[in-house]
Amino acid sequence: MSQPCIISVAITGSLPRKADNPAVPITIAEQVESTHEAFEAGATLAHVHVRNDDETPSSDPGRKVIFSVC
């Protein structure tokens, strides 16, 4: 019998930009798509960093988006 577990993913990292890794999801749409793909692969928790337009990390509450993949 298998034991339940929580699989957590960090889809963005806090510093990588497209120049560092073209696959890093920067826009909210990319982050939602990446999180959904991780969910379909078995992830149950995602950690993301919302970005400014220049791809730097943002702490601006106006840019924060909370989404749930259920």
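Residues numbered from 1 in each chain as written. Predicted model: local features only at pLDDT ≥ 70, side-chain atom pairs only at ≥ 80, totals over all residues. Heavy atoms only, no water.

### Here's the deal with the overall build of the protein chain
Step number 1: Helix and strand counts for the protein chain stand at one helix and two strands.
Step number 2: By residue count, 20% of the 70 residues in the protein chain fall in the buried class.
Step number 3: Summing over all exposed atoms, the protein chain offers an accessible surface of approximately 5100 Å²; the carbon and sulfur share of this is 58%. (Helix = DSSP H or I, 4+ residues; strand = E, 2+ residues; numbered from the N terminus. Buried < 20%, exposed > 50% of the residue type's maximum accessible area, 1.4 Å probe, protein only. Areas by Shrake-Rupley, 256 points an atom, 1.4 Å probe, with all protein chains shown as cover.)

### Observations regarding the side chain of glutamine 31
Step number 1: Relative to the helices and strands, glutamine 31 is located in helix H1 (residues 28-40).
Step number 2: Given the relative accessible area of 4%, glutamine 31 is considered buried.
Step number 3: A polar contact is formed between the side chain of glutamine 31 and the backbone oxygen of histidine 49, at a distance of 3.0 Å. (Polar contact = N/O pair within 3.5 Å; in protein donor to acceptor, adjacent residues only side chain to side chain.)

### Some words on unusual backbone geometry
Step number 1: Even without being glycine, glutamate 55 reaches a positive phi, approximately 75 degrees.
Step number 2: By the element assignment, glutamate 55 lies in the segment after strand E2 (45-47).

### What to know about the environment of glutamate 40
Step number 1: Topologically, glutamate 40 is positioned in helix H1.
Step number 2: The class of glutamate 40 is exposed, set by a relative accessible area of 61%.
Step number 3: A polar atom in the side chain of glutamate 40 sits 2.9 Å from the side chain of histidine 36.

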